[in-house]
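One letter stands for each residue in the lines below.
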Amino acid sequence: IPAQQLEIGDRPDPTDRFTATVKKAGRYAVVGRFDDYAAVIAGPFHLDEGDVEDGVVLKFDRPVAVAGIVQDERGTPLEGALVMVTGTGPISDARIAEADDAVKKSGGDGTYWYTHGKTDAAGRYSIGGLPPGALVRVAAMHPTHVPARSGAVRVAENLADVNVRMDVTRER
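Basis of the calculations
Residues numbered from 1 in each chain as written. Predicted model: local features only at pLDDT ≥ 70, side-chain atom pairs only at ≥ 80, totals over all residues. Heavy atoms only, no water. Helix = DSSP H or I, 4+ residues; strand = E, 2+ residues; numbered from the N terminus. Contact = heavy atoms within 4.5 Å. Pairing = 2+ DSSP bridges. Axes fitted to C-alpha atoms, helices over the stretch in contact; angles between N-to-C directions. Patch = residues over 30% accessible without salt bridge, like charges linked within 9 Å, V, L, I, M, F, W, Y side chains within 5 Å. Areas by Shrake-Rupley, 256 points an atom, 1.4 Å probe, with all protein chains shown as cover. Salt bridge = Lys/Arg side-chain N within 4 Å of Asp/Glu carboxyl O. Lys, Arg positive; Asp, Glu negative; His and termini not counted. Charge placed at Lys NZ, Arg CZ, Asp CG, Glu CD. Buried < 20%, exposed > 50% of the residue type's maximum accessible area, 1.4 Å probe, protein only. Core = buried A, V, L, I, M, F, W, Y, C linked by side-chain atoms within 4.5 Å. Expected span 1.5 Å × (residues − 1).

### Observations concerning the overall build of the chain
Part 1: In terms of helices and strands, the chain carries 1 helix and 10 strands.
Part 2: For the chain, the sequential pattern of α-helices and β-strands runs β-β-β-β-α-β-β-β-β-β-β.
Part 3: Relative to all contacts within the chain whose residues are 6 or more apart in sequence, the contacts with residues 24 or more apart total 60%.

### Describing the sheet that holds strand β3 (residues 64-72)
Part 1: The strand order across the open sheet built from 3 strands is β6-β3-β10, with neighbouring strands paired in mixed fashion. Where the open sheet ends on each side, the last strands, each with one partner, are β6 (124-130) and β10 (164-166). Put simply, the sheet's adjacent strands are angled 25 degrees from each other on average, direction ignored.
Part 2: Bridge count for β3 against β6 is 5 bridges, and the pairing is antiparallel. Across the sheet, isoleucine 69 pairs through a bridge with arginine 124, a residue of β6.

### As for a negative patch on the surface
Part 1: Together, Asp48, Glu49, Asp51, Glu53 and Asp54 line one region of the surface with negative charge.
Part 2: Along the chain, aspartate 51 falls in the loop between β2 (40-47) and β3.
Part 3: The class for aspartate 51 is partly exposed, based on a relative accessible area of 37%.

### As for unusual backbone geometry
Part 1: Geometrically, the link from glycine 43 to proline 44 is a cis peptide bond, its omega value of 10 degrees lying close to zero.
Part 2: Within the secondary structure layout, proline 44 lies in strand β2.

### A few points about the nonpolar core
Part 1: Val66, Val70, Tyr125, Val138 and Val155 are the most contacted members of the largest nonpolar core, which has 19 residues in total.
Part 2: Those elements that place two or more of their residues in this core are β3, β4 (82-86), β6, β7 (134-142) and β10.
Part 3: Tallying contributions element by element places β7 first for this core, with 4 residues.
Part 4: For valine 66, the contacting residues outside a window of four places in its chain are Val85, Tyr125, Ser126, Ile127, Leu130, Val138, Val155, Leu159 and Val162.
Part 5: In terms of nonpolar packing, the next biggest core, distinct from the first, is built from 7 residues, Met84, Ile96, Ala139 and Met141 among them.

### Digging into the pattern of salt bridges
Part 1: On inspection of all chains with the given rule, the structure shows 5 salt bridges.
Part 2: Note that arginine 74 is salt-bridged to glutamate 73, the shortest N-O span being 3.4 Å.
Part 3: The class of arginine 74 is exposed, set by a relative accessible area of 61%.
Part 4: In this structure, aspartate 120 and arginine 124 form a salt bridge, with 3.0 Å as the shortest nitrogen-oxygen distance.
Part 5: One network of salt bridges, in which partners are shared, links Asp72, Glu73 and Arg74.

### Observations concerning the side chain of threonine 86
Part 1: Structurally, threonine 86 can be placed in strand β4.
Part 2: If sequence neighbours within four positions are ignored, threonine 86 has contacts with Ser92, Ile96, Leu135, Val136 and Arg137.

### Some words on helix α1 (residues 90-106)
In an α-helix, one turn spans 3.6 residues; hence positions three or four apart end up facing the same way.
Part 1: With 17 residues, α1 extends 24 Å between its outermost C-alpha atoms, agreeing within 8% with the 24 Å of an ideal straight helix rising 1.5 Å per residue.
Part 2: Tucked inside the fold, the buried residues of α1 contact β4, β7 and β8 (145-149).
Part 3: Once α1 finishes, glycine 107 follows within two positions and takes phi at roughly 70 degrees, a positive value.

### Observations concerning the pairing of β4
Remember that side chains alternate between the two faces of the sheet whenever the strand is regular.
Part 1: The buried fraction of β4 is high, at 5 of 5 residues.
Part 2: Two elements, β4 and strand β5 (residues 116-118), share 3 bridges in a ladder whose sense is antiparallel. Within the sheet, the bridge partner assigned to valine 83 lies in β5 and is glycine 117.

The structure is reproduced here in structure tokens:
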């Protein structure tokens, strides 16, 4: 698959191989995107100036989706919840807090995040474009409720039952 672009360095030739020259030692990752396939990440790699990392292979797979229902503390479907697919670590927790702050300030309108969706009148959501095998959590935010998260789920195939229950109403 031809390389499409590099964030650093010159634009590569349209081949299935690429190189990038780093000007500063540090940790780097390679992210590959190709139409109709899930994004792929390789790394991180620690590179010093002039280092070469050989043999990095990006395997592109068809994306999968997660879907489910967001409910309030009574089990009633919750319309208009912002739903995000996140990782399981502290960086993901910080992004959820950042997204929740935007939801609180905007009343839920005009908040857009990568790999997200909003629930419909029946509380349903569906989010696609995920790499098979990723370990993810689904987080839901709503202006009237404290954020809630699903447990960790490995997305091997399309999942239609990752539900989130928002049990705590925000103080007004």
